[in-house]
Amino acid sequence: MSSVLACDRLTVRYGGKTAVDRVTLDVPAGRMVGVIGANGAGKSTLINALAGWSRGRPEVEGEVVLGGEPVSGLSAYRRAHRGLLLVPEGKGIFGGLTVEENMALVRTPADTRDRHAFGEDEIFALFPRLRERLHHKGTALSGGERQMLAISCALRAAPRVLLLDEPSVGLAPRLVLELLKRMRQLVDLGLSILLVEQNVRAALSVVDDVYLLERGTVVAHGPAEEMREDKRVVEAYLGRSDIEIAEPGSPHP
Ligand SMILES: Nc1ncnc2c1ncn2[C@@H]1O[C@H](COP(=O)(O)OP(=O)(O)OP(=O)(O)O)[C@@H](O)[C@H]1O
Ligand SMILES: [Mg+2]
């Protein structure tokens, strides 16, 4: 399967401290790939480095390849222009501008071969709520609405691959799976997505492949069906496994 986004031994250091350590990862075209891990594991640092973003001044090493071409030397702006679009943790919308104004600021690149710039109708079909909130300012939106707006702005810019950093943050629990399922619909239509998600159970129900990150390193990787059974994932994120509950040699009830 052809790869839309990949990195090879990507390493990010803040001062002397390594936050992402030789991560090799692949997002195949038309797939949804999840990155899970505890707080501080390096998920945001990784996804930001892929997009060429940074908080602070990290030292970044390793190769990032978009659609077969190396982009490691390009700025975040240039990578976005080529279709590597990040919806960051802080969501990156303008609070002082309305939904309509935020969306109008997005410029679709002239050359969008193999890419699709979502039009207003498609966006409102995906997020009907945004049409109702069209004239409301960013600051007046709920967490979920801000998230929808940030994703919509990225979709208007014709993503080749969409990078989402914790889209479930600030959403009511019942909305989390709904949003992730809508992202899955986009993948089923051909988009490629890299999803960083703290809601592991919900993420595992929508993604194809999963990377488990611990202290900046990939410690497990595989198809979602397999990772759902992985002892480390089960113990840390899905509750204790049956294997652990039934101690070897313990009497049967
Ligand atoms: N700008 C920065 N300067 C220095 N250290 C940083 C900076 N940003 C992140 N770090 C450190 O890098 C490590 C990884 O942080 P990161 O935010 O990538 O983790 P995360 O997995 O996204 O966590 P969370 O689940 O809380 O969002 C942490 O130890 C963090 O303290
Ligand atoms: Mg983070």
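Residues numbered from 1 in each chain as written. Chains lettered and ligands numbered in written order. Predicted model: local features only at pLDDT ≥ 70, side-chain atom pairs only at ≥ 80, totals over all residues. Heavy atoms only, no water.

Thoughts on the sheet that holds strand β4 (residues 59-66)
So, step 1. Read across the sheet, four strands follow the order β2-β1-β4-β5 without closing on themselves; strand pairing throughout is antiparallel. Because the sheet does not close on itself, it has two edges, and the strands there are β2 (17-28) and β5 (69-70).
So, step 2. Direction of pairing for β4 relative to β5: antiparallel, over a ladder of two bridges. Paired with V65 across the strands is P70, a residue of β5.
So, step 3. Helix α1 (residues 43-51) contacts β1 (3-14), β2 and β4 of the sheet and is inclined by roughly 120° relative to β1. (Pairing = 2+ DSSP bridges. Helix = DSSP H or I, 4+ residues; strand = E, 2+ residues; numbered from the N terminus. Contact = heavy atoms within 4.5 Å. Axes fitted to C-alpha atoms, helices over the stretch in contact; angles between N-to-C directions.)

Observations concerning the nonpolar core
So, step 1. Counting residues in hydrophobic clusters, the biggest one holds 50 residues, and the most contacted among them are I151, L162, I193 and L195.
So, step 2. Of the residues forming this core, the biggest block, seven residues, is contributed by helix α6 (residues 143-156).
So, step 3. Once you skip the residues sitting within four places of it in the chain, L162 turns out to touch L85, V87, I151, A154, L155, L191, S192, I193 and L194. (Core = buried A, V, L, I, M, F, W, Y, C linked by side-chain atoms within 4.5 Å. Buried < 20%, exposed > 50% of the residue type's maximum accessible area, 1.4 Å probe, protein only.)

Structural notes on the confidence of the model for the chain
So, step 1. On average, the chain scores 89 in pLDDT, and the residues at 70 or more come to 94%.
So, step 2. Overall, residues 241-253 carries pLDDT values under 50, and its contacts beyond four positions in sequence, including any with other chains, amount to four contacts. (pLDDT = per-residue confidence, 0-100.)

Some details on helix α10 (residues 231-238)
An α-helical turn contains 3.6 residues, so a residue and the one three or four places further along point in the same direction.
So, step 1. The set of residues buried in α10 consists of V233, V234 and L238. Projected onto a plane normal to the axis of α10, the buried residues spread over an arc of 100° and lie on a single side.
So, step 2. As for α10, its buried residues are in contact with β3 (32-37), α8 (200-204), β9 (209-214) and α9 (224-227).
So, step 3. Capping of α10 at its N-terminal end is provided by D230; its side-chain oxygen lies 2.9 Å from the backbone amide nitrogen of R232. (Arc of directions from axis to C-beta. Polar contact = N/O pair within 3.5 Å; in protein donor to acceptor, adjacent residues only side chain to side chain.)

A few points about the site of ligand 1
So, step 1. Near ligand 1 you find 14 residues, and of these K17, G40, K43, T45 and E89 are the closest.
So, step 2. In this structure, A41 approaches ligand 1 through a main-chain N or O atom, which is 3.1 Å from an oxygen atom.
So, step 3. In this structure, an oxygen atom belonging to ligand 1 sits 2.9 Å away from a main-chain N or O atom of G42.
So, step 4. When ligand 1 is considered free in solution it has 630 Å² of accessible area, and contact with the protein chains removes 68% of it.
So, step 5. Secondary structure elements with two or more residues in the shell around ligand 1: β2 and α1.
So, step 6. In terms of residues, the shell around ligand 1 owes the most to one element, α1, which gives three residues.
So, step 7. Looking at the shell around ligand 1 residue by residue, the classes come out as four nonpolar, five polar and five charged. (Near = heavy atom within 4 Å. Areas by Shrake-Rupley, 256 points an atom, 1.4 Å probe, with all protein chains shown as cover. Nonpolar A, V, L, I, M, F, W, Y, C, P; charged D, E, K, R; others polar.)

Some remarks on α6
So, step 1. Spanning 14 residues, α6 covers 20 Å between terminal C-alpha atoms, matching the ideal 20 Å at 1.5 Å per step.
So, step 2. Along α6, twelve of the 14 residues are buried, which leaves the element largely enclosed by surrounding structure.
So, step 3. All of the buried residues in α6 are G144, E145, Q147, M148, L149, A150, I151, S152, C153, A154, L155 and R156.
So, step 4. Turning to α6, the residues buried within the fold contact β6 (84-87), α3 (99-104), α4 (120-126), α5 (128-132), β7 (161-165) and α7 (173-188). (Expected span 1.5 Å × (residues − 1).)

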